[in-house]
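Inside the fold
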Amino acid sequence: RCLVRAVVFRAPRAHAGGHRAYRPAARRRGAGAMVIPMLGPMAGGIGALPEELRETLRHVRWCIFGLWLFGVLFFALQPIGALSTICLATFGTFLLAEDPQMAGCYACLRESVVGDCCGSGGLSILFPFLLLSILDSMVDGVQLAVFFGRHSLQAFNSPIFDILLGVWVCETWAAVLSFKVLKALAPELPEPVDGYRMLSDGPQPGSGQPRIPGPPARAAFT
């Protein structure tokens, strides 16, 4: 499901209209591709990871527990606003589908309509979980800053502010831990493409193409 996709950008060549084209000044091995890492199912799953990464995912588990707790409380106050938090908690549950403490919740979600969207879970959910954690953390952080700017210390007397603060802490910490795991598992990205240089109208060395004349030069207007 989650594959490594590469988008290759190639420079256009010169055509009969005489327009100049651009091409990379130098080629490197592996250059010319932009890769977005997305992990597929791994043999052995989370159990095959090094002990350090498994310990990191155990800390992610507590973040997911917090998201479920604050998400339910938030849903009781603002059902629409809590949807993104519950969605993130669901992604996290599918990410840790092999965790014994998440097995019961995962089984319930797997048999529901949500199971058709998230698949079998596991490490293939790591990148979507990280992306959604970052987005939610940014949005909730802005909301907290605006609310605190209006009410100052009185904001802590608001249940919504306290719940949203707990949600933000869980989202931010989950994003940090998930990025640590993804950085250790993601394939090495290729080097960026070198700068581009303008080609002349004459034939390029080794191209085997005849010279294509450009448009005639115009005299300067005096």
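Shown above is the structure to which this text applies.
Throughout what follows, the structure given in this document is the object of discussion.

1. So, unusual backbone geometry
Look at S152: it is not a glycine, yet its phi comes out positive at around 55°. By the element assignment, S152 lies in the loop between α5 (126–151) and α6 (159–185).

2. Digging into the nonpolar core
Among the nonpolar cores identified, the biggest contains 36 residues, and L57, L95, L96 and F129 are the most heavily contacted of them. For this core, the secondary-structure elements that each account for two or more residues are α1 (51–77), α2 (83–95), α3 (103–110), α5 and α6. Counting residues per element, this core draws most heavily on α6, at ten residues. Among residues more than four places away in sequence, those in contact with F129 are V60, I64, L88, F91, G92, L95, A174 and S178.

3. Looking at α5
Look at α5: 37 Å from first C-alpha to last across 26 residues, which is about the 38 Å you get at 1.5 Å a residue. Taken residue by residue, α5 has L126, F129, L130, S133, D136, S137, D140 and L144 as its buried positions. Looking at the packing, one finds that the buried side of α5 touches α1, α2 and α6. Directly after α5, the chain includes S152, whose backbone phi takes a positive value near 55°.

4. Digging into the pattern of salt bridges
For the coordinates displayed, the defined rule picks out five salt bridges. Two residues, E51 and R54, come together in a salt bridge whose shortest N-O distance is 2.4 Å. With E51 and R54 both in helix α1, this residue pair falls three residues apart, about one helical turn. On the accessibility criterion, E51 (43% relative accessible area) is partly exposed.

5. Section: the side chain of D136
When you line up the elements, D136 lands in helix α5. No salt bridge is formed by the buried D136, whose closest oppositely charged neighbour, R150, lies at an N-O distance of 20 Å. Contacts of D136, omitting those with residues within four sequence positions, involve S84, L88 and E171.

6. Here's the deal with a nonpolar patch on the surface
Taken together, F148, L153, F156, L165, W168 and V169 make up a surface patch of nonpolar side chains, about 520 Å² in accessible area. Residue contributions to the nonpolar patch peak at three residues, all from α6. Looking at the element boundaries, F148 is found in helix α5. The class of F148 is partly exposed, set by a relative accessible area of 34%.

7. Remarks on the packing of aromatic side chains
All chains considered together, the criterion is met by five aromatic pairs. When the ring of W62 is compared with that of F65, the centres are 5.6 Å apart and the planes differ by 75°; the resulting orientation is edge-to-face. Highlighted residues: W62 and F65, both in helix α1, separated by three residues, approximately one helical turn. A residue is classified by how much of its surface remains accessible, and W62, at 53% relative accessible area, is exposed. Ring geometry for F148 and F156: centres 6.1 Å apart, planes at 75°, overall edge-to-face. Joined through ring pairs, the aromatic side chains of F147, F148, F156 and F161 make up one cluster.

How each quantity is defined
- Sequence order sets the numbering: in each chain, residues are counted from 1 along the sequence as written.
- Since the coordinates come from a predicted model, pLDDT governs what is reported: local features require at least 70, and pairs of side-chain atoms require 80 or more to be given and counted, while whole-chain, interface and lining totals use all residues.
- Calculated side-chain values reflect all of the structure's heavy atoms, with hydrogen atoms and water omitted.
- Only DSSP runs of H or I with at least four residues qualify as helices, and only runs of E with at least two residues qualify as strands; both kinds are numbered from the N terminus onward.
- We call a set of buried residues a nonpolar core when its members are Ala, Val, Leu, Ile, Met, Phe, Trp, Tyr or Cys and they connect through side-chain atoms within 4.5 Å of each other.
- Think of it in three bands: residues with accessible area under 20% of the maximum for their type are buried, residues over 50% are exposed, and the middle band is partly exposed, with areas taken using a 1.4 Å probe on protein chains only.
- Contact between two residues is taken to exist if any of their heavy atoms lie within 4.5 Å; hydrogens are not considered.
- The span you would expect from a helix comes to 1.5 Å times its residue count less one.
- The working definition used for a salt bridge is a side-chain nitrogen of Lys or Arg within 4 Å of a carboxyl oxygen of Asp or Glu.
- In this tally Asp and Glu are treated as negative and Lys and Arg as positive; neither His nor the chain ends contributes.
- Each patch is built from residues that are more than 30% exposed by relative accessible area and take part in no salt bridge. Like charges join if they lie within 9 Å; nonpolar side chains (Val, Leu, Ile, Met, Phe, Trp, Tyr) join within 5 Å.
- Per-residue and other accessible areas follow the Shrake-Rupley method at a 1.4 Å probe size, with only the shown protein chains counted as cover for residues.
- To pair, rings of Phe, Tyr and Trp, with the six-membered ring standing in for Trp, must have centres within 6.5 Å; the planes then decide the type, stacked if under 30 degrees apart, edge-to-face if over 60, and tilted in the middle.

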